[in-house]
Amino acid sequence: MTQISATISAETRDRLEHYVRARGLKKGFVIEQALLHHLQAVSELPDDVLIPPRLVVGPDVGDRLLERLASNESPNQAMQALFDHPAAAAPKEPS
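For helix α3 (residues 59–70), spanning 12 residues, the distance from its first C-alpha to its last is 16 Å, which sits close to the expected 16 Å at 1.5 Å a residue. Little of α3 sits inside the fold, with 1 of its 12 residues counted as buried. Phi turns positive, to about 55°, at N72, one or two residues after α3.

This part is about the pattern of salt bridges. One pass over the full model with this rule turns up 4 salt bridges. A salt bridge links R68 to E73; its shortest N-O distance comes to 3.4 Å. You can call R68 exposed: its relative accessible area is 55%. Taken together, the shared-partner salt bridges connect E17, R21 and K27 into one network.

At their nearest, the axes of helix α1 (residues 10–23) and helix α2 (residues 27–44) sit 10 Å apart, and the two run at 110° to each other. Judged on the interaxial angle alone, α2 and α1 are roughly perpendicular. Read as a crossing pair, α1 and α2 show a hand that is right-handed. Across from L16, E17, Y19 and V20 in α1, the residues of α2 making contact are K27, V30 and I31. Considering only residue class, the contact of α1 with α2 consists of 5 nonpolar, no polar and 2 charged.

Per-residue confidence for the protein chain gives a mean pLDDT of 88, with 89% of residues at or over 70. The lowest-confidence element of the protein chain is helix α5 (residues 86–89), averaging 61 in pLDDT; the highest-confidence one is α1, averaging 96.

On the surface, L35, L39, V42, L45, V49 and L50 cluster together into a nonpolar patch covering about 460 Å² of accessible area. With respect to the helices and strands, L50 occurs in the loop between α2 and α3.

Conventions adopted
Residues numbered from 1 in each chain as written. Predicted model: local features only at pLDDT ≥ 70, side-chain atom pairs only at ≥ 80, totals over all residues. Heavy atoms only, no water. Helix = DSSP H or I, 4+ residues; strand = E, 2+ residues; numbered from the N terminus. Expected span 1.5 Å × (residues − 1). Buried < 20%, exposed > 50% of the residue type's maximum accessible area, 1.4 Å probe, protein only. Salt bridge = Lys/Arg side-chain N within 4 Å of Asp/Glu carboxyl O. Axes fitted to C-alpha atoms, helices over the stretch in contact; angles between N-to-C directions. Parallel < 35°, antiparallel > 145°, perpendicular 65-115°, else oblique. Left-handed = near helix turned anticlockwise from the far one by under 90°. Contact = heavy atoms within 4.5 Å. Nonpolar A, V, L, I, M, F, W, Y, C, P; charged D, E, K, R; others polar. pLDDT = per-residue confidence, 0-100. Patch = residues over 30% accessible without salt bridge, like charges linked within 9 Å, V, L, I, M, F, W, Y side chains within 5 Å. Areas by Shrake-Rupley, 256 points an atom, 1.4 Å probe, with all protein chains shown as cover.

Given below as structure tokens:
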């Protein structure tokens, strides 16, 4: 066994604490399983399908996103098609 040290946010620590208490698990076990799961996923999936857990945007983009969210704007036709028929809106695999 090897011990590592990592700095995590207070929110992540709180979520981990809640998770392990609720399930009666050890933090080290949960962290190792999560790391193994992540490493397997990134080794098996193409880079273009991996979505980072956090997206960082600049202030201008953030302001535009907040405006769009506050506007209660109806979805455009492409978005409505995705909601109505998710499989039909997905890109087709090349033959």
